[in-house]
Amino acid sequence: MQSALRITTKVLPGNKIEIEIPEAEIGDSVDVFVILPEKAEPKHRSVLDIIEESRRRHPSRTAEDIDRQLQEERLSWDS
């Protein structure tokens, strides 16, 4: 029966790896499989999607609401 050995190691400078195989002898041939970790792909969202999401999170306000809030804020500065 063919044996297998799982070894986890770090990538060294120069993009190299080093492994030690205690069960092998000098001159033995071995197969090495490197499985890279899965990396989450960044989401590519359009500007319109971002704006739409922002509008859903924050209900739209009228210009009058914003003007009133700004006026209230300015009046509080004089207090």
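Here the structure is shown first, and the text comes after it.
Not measured: the values here are computed from a predicted model. (Residues numbered from 1 in each chain as written. Predicted model: local features only at pLDDT ≥ 70, side-chain atom pairs only at ≥ 80, totals over all residues. Heavy atoms only, no water.)

On to the overall build of the protein, then. Looking only at helices and strands, the protein features two helices and zero strands. Against the 2.2 N^0.38 benchmark of 12 Å for 79 residues, the protein shows a C-alpha radius of gyration of 31 Å, more extended than a compact globule. For the protein, the computed accessible surface area is about 8900 Å², with 53% contributed by carbon and sulfur atoms. (Helix = DSSP H or I, 4+ residues; strand = E, 2+ residues; numbered from the N terminus. Rg over C-alpha atoms; globule rule 2.2 N^0.38 Å. Areas by Shrake-Rupley, 256 points an atom, 1.4 Å probe, with all protein chains shown as cover.)

Before going further, it helps to spend a moment on the pattern of salt bridges. Throughout the structure, instances matching the rule amount to three salt bridges. Glutamate 53 is paired through a salt bridge with arginine 57; the nearest N and O atoms lie 2.5 Å apart. Note that glutamate 53 and arginine 57 are positioned in helix α1 (residues 47-57) at a spacing of four residues, about one turn of the helix. A relative accessible area of 60% means that arginine 57 is categorised as exposed. The salt bridge involving aspartate 65 is made with arginine 68; its shortest N-O contact spans 2.7 Å. Of this pair, aspartate 65 and arginine 68 both sit in helix α2 (residues 63-77), three residues apart, which is roughly one turn of that helix. Through salt bridges with shared partners, one network takes in Arg45, Glu53 and Arg57. (Salt bridge = Lys/Arg side-chain N within 4 Å of Asp/Glu carboxyl O. Buried < 20%, exposed > 50% of the residue type's maximum accessible area, 1.4 Å probe, protein only.)

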